Amino acid sequence: MVTSDFGVESVYDAIVVGSGAAGTFVALGLSGAKTLVIDAGLQFRDATSLDGNLYDLRKRQSLFAETVGTRFESLAWMDGPELSPKVKSPLLRPVFMRPPSAPDVVSADFVPLLSYAIGGLANAWGAQVYRFDDADLAGFPLRAADLDPFYDEITQHIGISGREDDLARFHGSARGLQPPLELSAVGREILDRYTRRAKVFQRQGIYLGHPRLAVLTRDHGDRRACTYDNLEFFQPRLSAVFTPAFTLEDLVRRGEIEYRPGYLVETYRESKDIVEVFARPLEGGEHRVFRARKLILCLGALNTARLVLHANSDIVSRLPLVETPFRYAPLLSLRRIGMPLERRSFYSQLNLFYVGPLWPEPLVGIIYAVDGLLRSDFLFNFPLSVRGCLAAAKYLLPAVTLLQLYYPGEPHPSNTLGIDAKGNLLLRYDASPAGGVETHILRVFRRLGYWSSRRFVRIPKPGASVHYGGPLPMREHAERRYETNRNGLLTGTKAVYVGDAAAFPRLPAKNLTFTIMANALRIGRAVRADLVR
Ligand SMILES: Cc1cc2nc3c(=O)[nH]c(=O)nc-3n(C[C@H](O)[C@H](O)[C@H](O)COP(=O)(O)OP(=O)(O)OC[C@H]3O[C@@H](n4cnc5c(N)ncnc54)[C@H](O)[C@@H]3O)c2cc1C
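Below you will find a few notes about this structure. (Residues numbered from 1 in each chain as written. Predicted model: local features only at pLDDT ≥ 70, side-chain atom pairs only at ≥ 80, totals over all residues. Heavy atoms only, no water.)

Looking at the overall build of the protein
Condition: Starting at the N terminus, helices and strands are each numbered in turn, a helix being any DSSP run of H or I of at least four residues and a strand any DSSP run of E of at least two. C-alpha atoms define the radius of gyration in this analysis, and the globule rule sets the expected value at 2.2 Å times the number of residues to the power 0.38. Exposure is judged per residue with a 1.4 Å probe applied to protein chains only, and the accessible area is read against the type maximum: over 50% gives exposed, under 20% gives buried, and values in between give partly exposed. Contacts are assigned to residue pairs that have any heavy atoms within 4.5 Å of one another. For the area figures, the Shrake-Rupley method with a 1.4 Å probe applies, and any residue is considered shielded solely by the protein chains shown. Charge assignment in this entry is limited to Lys and Arg as positive and Asp and Glu as negative, and neither His nor the chain termini are counted. Working definition for charges: the position is that of NZ of Lys, CZ of Arg, CG of Asp or CD of Glu.
The number of helices and strands found in the protein is 14 helices and 20 strands. The C-alpha atoms of the protein give 23 Å as radius of gyration, which agrees with the globular expectation for 533 residues (24 Å, within 12%). Projected onto its principal axes, the C-alpha coordinates of the protein cover approximately 70 × 50 × 45 Å. Taken across its 533 residues, the protein has 60% of its residues classed as buried. Summarising the internal contacts of the protein: among those between residues at least 6 apart in sequence, 73% fall at separations of at least 24. In the structure as shown, the protein presents an accessible area of about 21,800 Å², 53% of it carried by carbon and sulfur atoms. A gap of 6 Å separates the mean positions of the 66 positive and 55 negative side-chain charges of the protein.

Here it is as structure tokens:
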């Protein structure tokens, strides 16, 4: 049986589904409208035991439950696919948990990460932020100038650290940035060598510099600056690292939105001037119907597309599925082998851009320090016994950084998203890009004293980038079914909008979440303007 919020007072101006990067910034843009955010909204438990520096804490007490997990969660990858450290971490598990009533994913070749948590996937993100420029926005009905005011506003709102350096031409405006994070020894060493031999790197198409990070280096409102405690892999909601849940909670405190966690939205229906949203409590029980003049879908690119197909009872269509594939490899500084691990460190160290003849558009690299990882993460990384791998990890970790290189994602007829009769996601991903530029970059680093080998390059399974887009592309003239206009309005509807990266027609190599936020804020404002028109 379906119960309803009938009556004029229960009709909202806008319903936003989802509280991730997209949903939160759409809600912010709707300020002034009567807005309801409906969300699965799984919560985190507090872990006050992780208050302090990881290494000091480890000396004083066992952190087994917080780092490995009472059910050995962080070792679960041993008989499954290789996972990012954050995905394995026990306290971060709510980010990736699937409520039993949520739809399943049916796919042999694409393993996505989906979130049903308050704040979504960005509870675990690396906080790397990039502005898309006009070239990155090729294929979008948007120019950089359309997004710049929103990037600027969000920079002030969330606090971004970084610096104007050799990467300024890729990162764009440095207005309002906090100073960059301190580098750890291994990051400083790489940047020093780059600076001394910048011409050598640049002749090979390689540019290096500080990343832009949504991580505070100065206090910002009631959030504290980064303390370099090496906890990013284990502790959710570190005050210095922005997560959309901070903004969402602020909007709730200020009475600007009504937030209903604990509901799984199952479908929606447009009738006359109202959109009805059908949601079921996660705990089970009856459906509820929520009603609004506008509906903005922000369930994450894949779940948004799934819901749209489901609302259209369409099990036939196959929509474009796009991600930014990546590869990674270790870089070993021979002179740092056996040195002590850095006690104070943040894992993101440097950004790298490749611009040259080997790829038609810029590629984006991130160089990570690994001081905060568990030695067990390296159990099988060396051609040694398990005990030998642990010993090697002890001596090698202070000398190791990881280079991760992202490629752009284009729609391809072999990479598709659909649903089955039960509403489960069907994902097919047969075409991956050729890659190969990482081999060139490793060769250049080798000449500068960083050992690596193409044999150590890892190619994660499709889906591992967690940067998804493509299925409901925005177009200048949206005419076809399952396209949106530049403000996110879905073709064939009067009031259903797509607020997340489902509407990104393609993805440049740059991480996309800053653009999800800027675009969501822009869409929220446009919907708000439409409501008062
Ligand atoms: C380990 C990791 C590192 C990352 N690092 C970076 C980085 O450094 N830089 C970067 O740009 N990006 C990064 N990302 C990607 C980034 O986190 C995502 O792009 C971004 O969070 C997506 O936001 P979203 O709002 O579109 O979707 P999500 O975060 O997936 O939010 C979806 C929301 O919808 C809700 N929801 C879903 N289905 C339903 C339903 N049926 N009913 C009700 N609610 C529902 C969920 O509860 C959630 O609140 C990273 C991701 C991971 C996992």
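More follows now that the structure is in view.
Some thoughts on the sheet that holds strand S13 (residues 348-356)
What counts, and what does not: Criterion used throughout: strands pair if DSSP finds at least two bridges between them. Lines are fitted to the C-alpha atoms to define the axes, a helix being fitted only along its stretch in contact, and any angle between axes, read from their N-to-C directions, falls within 0 to 180 degrees.
Strand order in the open sheet formed by six strands is S5-S13-S14-S15-S12-S18, and the pairing between neighbours is antiparallel. At either margin of the open sheet sits one strand with a lone partner, and together these are strand S5 (206-209) and strand S18 (450-451). Summarising the sheet, S5 and S13 pair through four bridges and their orientation is antiparallel. Across the sheet, residue Ile206 finds its bridge partner in S13, namely Tyr354. Relative to S5, helix H8 (residues 185-196) is tilted by about 135°, and along the sheet it contacts S5, strand S12 (326-333), S13, strand S14 (359-369), strand S15 (400-406) and S18.

Description of the nonpolar core
For clarity, the cut-off: Put simply, a nonpolar core is a bunch of buried Ala, Val, Leu, Ile, Met, Phe, Trp, Tyr and Cys residues held in one set by side-chain atoms that sit within 4.5 Å of each other.
Ile15, Tyr268 and Phe445 are the most contacted members of the largest nonpolar core, which totals 163 residues. Considering every element that reaches this core, the biggest residue donor is helix H14 (residues 513-532), with nine residues. Counting residues in each nonpolar core, the second largest holds eight residues, with Ala393, Leu396, Ala399 and Val400 among its members.

Some words on the site of the ligand
To keep it simple, the criterion reads: When we say a residue is near a molecule or strand, we mean one of its heavy atoms is within 4 Å of it. For the purposes of these results, a polar contact is taken to be a pair of N or O atoms within 3.5 Å, where, inside protein, one atom must be able to donate a hydrogen and its partner to accept one; residues adjacent in sequence count only when each atom of the pair is a side-chain atom.
Around the ligand, the surrounding shell holds 35 residues, and the nearest of these are Asp39, Leu121, Gly126, Val265 and Thr513. Interatomic distance of 3.4 Å between a backbone N/O atom of Tyr116 and an oxygen atom of the ligand. Ala117 is positioned with one of its backbone polar atoms (N or O) 3.0 Å from an oxygen atom of the ligand. Contact with the protein chains covers 95% of the free accessible surface of the ligand, which is 1,000 Å². When residues of the shell around the ligand are traced back to their parent elements, those giving at least two are helix H1 (21-29), strand S7 (263-271) and H14.

Points about the packing of H1 against H14
Where we set the bar: Here is the rule for handedness: rotate from the far helix to the near one, and if that takes an anticlockwise turn smaller than a right angle the crossing is left-handed, while a clockwise turn gives right-handed. Amino acids are sorted into nonpolar (Ala, Val, Leu, Ile, Met, Phe, Trp, Tyr, Cys and Pro), charged (Asp, Glu, Lys and Arg) and polar (every other residue, Gly among them).
Packing of H1 against H14 leaves a shortest axis separation of 7 Å and a crossing angle of 35°. In the crossing of H1 with H14, the sense of the turn from one axis to the other is right-handed. Where H1 abuts H14, its residues Ala21, Ala22, Phe25, Val26, Leu28 and Gly29 lie against Thr513, Ile516, Met517, Ala520, Leu521, Gly524, Arg525 and Arg528. Looking at the contact of H1 with H14 residue by residue, the class counts come to nine nonpolar, three polar and two charged.

Some words on the sheet that holds strand S4 (residues 105-106)
One open sheet accounts for four strands, arranged S4-S17-S16-S10; its pairing is mixed. Only two strands of the sheet have a single neighbouring strand rather than two, namely S4 and strand S10 (319-320). Summarising the sheet, S4 and strand S17 (residues 425-429) pair through two bridges and their orientation is parallel. Its bridge partner lying in S17, Val105 is registered against Leu425.

Concerning unusual backbone geometry
With a phi angle near 65°, Ala127 is a residue other than glycine that sits in the positive phi range. Looking at the element boundaries, Ala127 is found in the loop between S4 and helix H6 (144-158). On the basis of relative accessible area, Ala127 is assigned to the buried category, the value being 1%. Within the chain, Val466 stands out as a residue other than glycine whose phi angle is a positive 60°. Among the secondary structure elements, Val466 is positioned in the loop between S18 and strand S19 (468-469).

A short note on the pairing of S14
Burial of S14 is extensive: nine of the 11 residues sit out of reach of the surface. When S14 meets S15, the two strands line up antiparallel, connected through six bridges. Within S15, the position partnered with Gly365 by the bridge is Leu405.

Comments concerning the packing of H1 against helix H10 (residues 244-253)
Between H1 and H10, the least distance of the axes is 9 Å, while the angle of their chain directions is 35°. Viewed along their axes, H1 and H10 form a crossing whose handedness is left-handed. Of H10, the residues touching H1 (which contributes Ala21, Thr24, Phe25, Ala27 and Leu28) are Pro244, Thr247, Leu248 and Leu251. Among the residues making up the contact of H1 with H10, the classes are represented as seven nonpolar, two polar and no charged.

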